[in-house]
Structures are given as C-alpha cells and as structure tokens.
Amino acid sequence: MTFSRSLTSALASLAPLLSIALFSMLPTAPAVAQDSFAGLASGLPALTSTEFGDGTTSYSLSLQVLALMTALTVLPSLVLGMTSFTRIIIVLSILRQAMGTQQTPPNQVLIAIALFLSFFIMSPTLTEVYEKSADPYLNGDVSAEIALGSASDTMKGFLVKNTRKDDLKMFADMANLGSFETPESVPLTVLLPAFITSELKTAFQIGFLLFLPFLVIDMVIASILMALGMMMLSPMLVSLPFKLLLFVLVDGWAMTVGSLVATYSA
C-alpha cells in the first residue's frame, strides 16, 4: 500500500508537467511554451535527491525504481559470481558428460539442482546478511550505506574462506596491493575474480575425479568388444548400462551432492 501511494503521488506530480509539455506544443501559446521549457531545463521534480542535516540522503521514487531495475539486471551475475552455483553446475555438467547420458538430466534440472544446493550452502551466510543488514535497514535503524557495507563484509567472509590463497595473492599482485589483515579489508574488485578462478579450478578437479571410474568402464568395454571382434558395435552404447548400474549401486547422486556441500566452509 505504501509503494502504491508513493507511485500514485509520483504520477500525480508528473501530470502537470505532461500537461504543460502538451500545451507548449500549441502554436497559440508561445509564452507558456517558454515557461515550460525553462521549468524542464531546471530538472524534473520526480528525479531528485534530498540531503538532510544528519548526512543522510533521500531519493525520489523514480531514482529508487531506476536503482532497483539496475540491480535486477546484475542479479544473475551476482548469483553466479558470489555463490557456490558455479562450482556445482560445472561438476554436474561434467558428471552428465562422463556418464554419456547426453541430455539426461536436462539442463533445466541441473540448473534447478545447482540453484537449490546453492541456497542450502549459502543459507548461513544469507541468514547473517538478513539479520545484520537487511532487517535493521527495513526497520529504519540504519541507513542504506551502512546496511550495504555490513552485508558486503559478511559476504567477504564467505568468499575469503572459500578462495585459494594463491589466486587471491595473484590478483592482489596484479592490482599492486599488499597483504590484507582481515577479510573485510579485501576489495571486491580483487576478491570476486579470485573467487571465480578458485571455483573453476576446484570444479574441474572434482570433475576429473568423477570422470575416472566411467573412463575405466569405457576402456574395459572397448577392449572386450575389440577382443570379440565386434568393432562395428559402439562401446558407448554397451558401457552406458554398466555406468548407470555402477552409479546407482554406489548411490552416486547422494555422494556427489554430499561431497560438493562438504567442500565449502560456512
């Protein structure tokens, strides 16, 4: 209801401007046209920011909507770059390729699994962000700048714990920065690329370990078919049931998911 009333008031404030602009287009009102253009040149009232004596700044509804739409456009990048989503989706994709099941499970299922596993892994961090940053900001206890800084420090703690020191040092050296005393002192411009690079390296290491047993089965089946003279029969077609049987017998999905979750530090 508050947002609806604010939106109504903003539209009401824009109505006189629209009427003046339309009226200025009439050839019989040159003086009104000049006044309206002068008013537009001084700035739109709907796109304003007000500074108060205590140092805080209040933005108009249009600027808030603009900031919200901008944040929504970069939200997928934040999900990919600041959570465990990248490692999980790469490992699941390599696992599907190693099993040779083509498009089973489909991409939508893999993305859903990776997304919900990311929520599970990130739940302690996200809960801390909500309790220390989002909730006080929504209650009006802290400003947006303070809440954003607190949330950034919490996310930095998770990112630093799950980033390889070598990768972090490499990007710090490229940025001509020295060592960092606390996780909060690491800038996001250095931490985010280091975290993504570390995630890629770890994901491919896990994928290599998952690929080995399926590769052994393919080699054994290919050797047997070659010895029997069945060179026209595809080894992938014969080995697929054996790979599925092995994966089911060892409860492969539970082992893979459990191993992925265990690789992260809360």
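Residues numbered from 1 in each chain as written. Predicted model: local features only at pLDDT ≥ 70, side-chain atom pairs only at ≥ 80, totals over all residues. Heavy atoms only, no water.

Enquirer: It is not clear to me how the overall build of the protein chain should be interpreted in this structure. Could you clarify?
Expert: If you tally the helices and strands in the protein chain, you get 10 helices and two strands. Along the chain direction, N to C, the helices and strands of the protein chain fall in the order α-α-β-β-α-α-α-α-α-α-α-α. Taken across its 266 residues, the protein chain has 29% of its residues classed as buried. For the protein chain, restricting intrachain contacts to residue pairs at least 6 apart in sequence, the fraction spanning at least 24 positions comes to 63%. With an accessible surface of roughly 16900 Å², the protein chain has 71% of that area assigned to carbon and sulfur atoms. (Helix = DSSP H or I, 4+ residues; strand = E, 2+ residues; numbered from the N terminus. Buried < 20%, exposed > 50% of the residue type's maximum accessible area, 1.4 Å probe, protein only. Contact = heavy atoms within 4.5 Å. Areas by Shrake-Rupley, 256 points an atom, 1.4 Å probe, with all protein chains shown as cover.)

Enquirer: Just to check I follow, could you spell out a nonpolar patch on the surface for this structure?
Expert: On the surface, Val65, Leu68, Met69, Leu72, Val74, Leu75, Leu78, Val79, Leu115, Phe116, Phe119 and Leu126 cluster together into a nonpolar patch covering about 1000 Å² of accessible area. Where the nonpolar patch is concerned, the elements lending two or more residues are α3 (61-82) and α5 (107-138). Relative to the elements of secondary structure, Leu126 occurs in helix α5. The class of Leu126 is partly exposed, set by a relative accessible area of 40%. (Patch = residues over 30% accessible without salt bridge, like charges linked within 9 Å, V, L, I, M, F, W, Y side chains within 5 Å. Salt bridge = Lys/Arg side-chain N within 4 Å of Asp/Glu carboxyl O.)

Enquirer: Please clarify how the environment of Pro136 should be interpreted in this entry.
Expert: Among the structural elements, Pro136 can be located in helix α5. Each C-alpha atom, one on Pro136 and one on Ile146, is 9.8 Å from the other, the two residues being 10 residues apart in sequence. Here Pro136 is in contact with Tyr130, Glu131, Asp141 and Val142, once residues within four sequence places are set aside.

Enquirer: When you look at unusual backbone geometry in this model, what are you seeing that I'm missing?
Expert: One can expect most non-glycine residues to show negative phi and most peptide bonds to be in trans. Across the junction of Thr104 and Pro105, the peptide omega takes the value 0°, indicating a cis bond. In this structure, Asn176 is a non-glycine residue whose phi angle is positive, near 60°. If you trace the backbone, Asn176 turns up in the loop between α7 (165-174) and α8 (188-228). A relative accessible area of 70% means that Asn176 is categorised as exposed.

Enquirer: I tried to follow α5 on my own but got confused; where do I start?
Expert: What sets the pattern is the α-helix's 3.6 residues per turn: residues three or four places apart point alike. For α5, spanning 32 residues, the distance from its first C-alpha to its last is only 37 Å, which falls clearly below the expected 46 Å at 1.5 Å a residue. The sharpest bend along α5 reaches about 60° and sits at Met122, with the proline Pro124 one to four residues further on. Considered for burial, the residues of α5 that qualify are Leu110, Ala114, Leu117, Ser118, Ile121, Met122, Thr125, Val129, Ser133 and Pro136. Immediately downstream of α5, the backbone of Gly140 shows phi near 80°, a positive value. (Expected span 1.5 Å × (residues − 1). Bend = angle between axes of the 7 residues up to and from the residue.)

Enquirer: Help me understand the pattern of salt bridges, please; the structure alone is not making it clear to me.
Expert: Side chains that differ in charge, positive against negative, can pair when their charged atoms come close. Tallied over the entire structure, the rule returns four salt bridges. Among the ionic pairs, Glu199 bridges to Arg87, the shortest N-O distance being 2.5 Å. Taken as a pair, Glu199 in helix α8 and Arg87 in helix α4 (residues 85-99) lie far apart in primary sequence, 112 residues in all. Comparing Glu199 with Arg87 shows no difference in burial state: the two are buried. Across the salt bridge formed by Glu128 and Lys132, the nearest N and O atoms sit 2.9 Å from each other. Highlighted residues: Glu128 and Lys132, both in helix α5, separated by four residues, approximately one helical turn.

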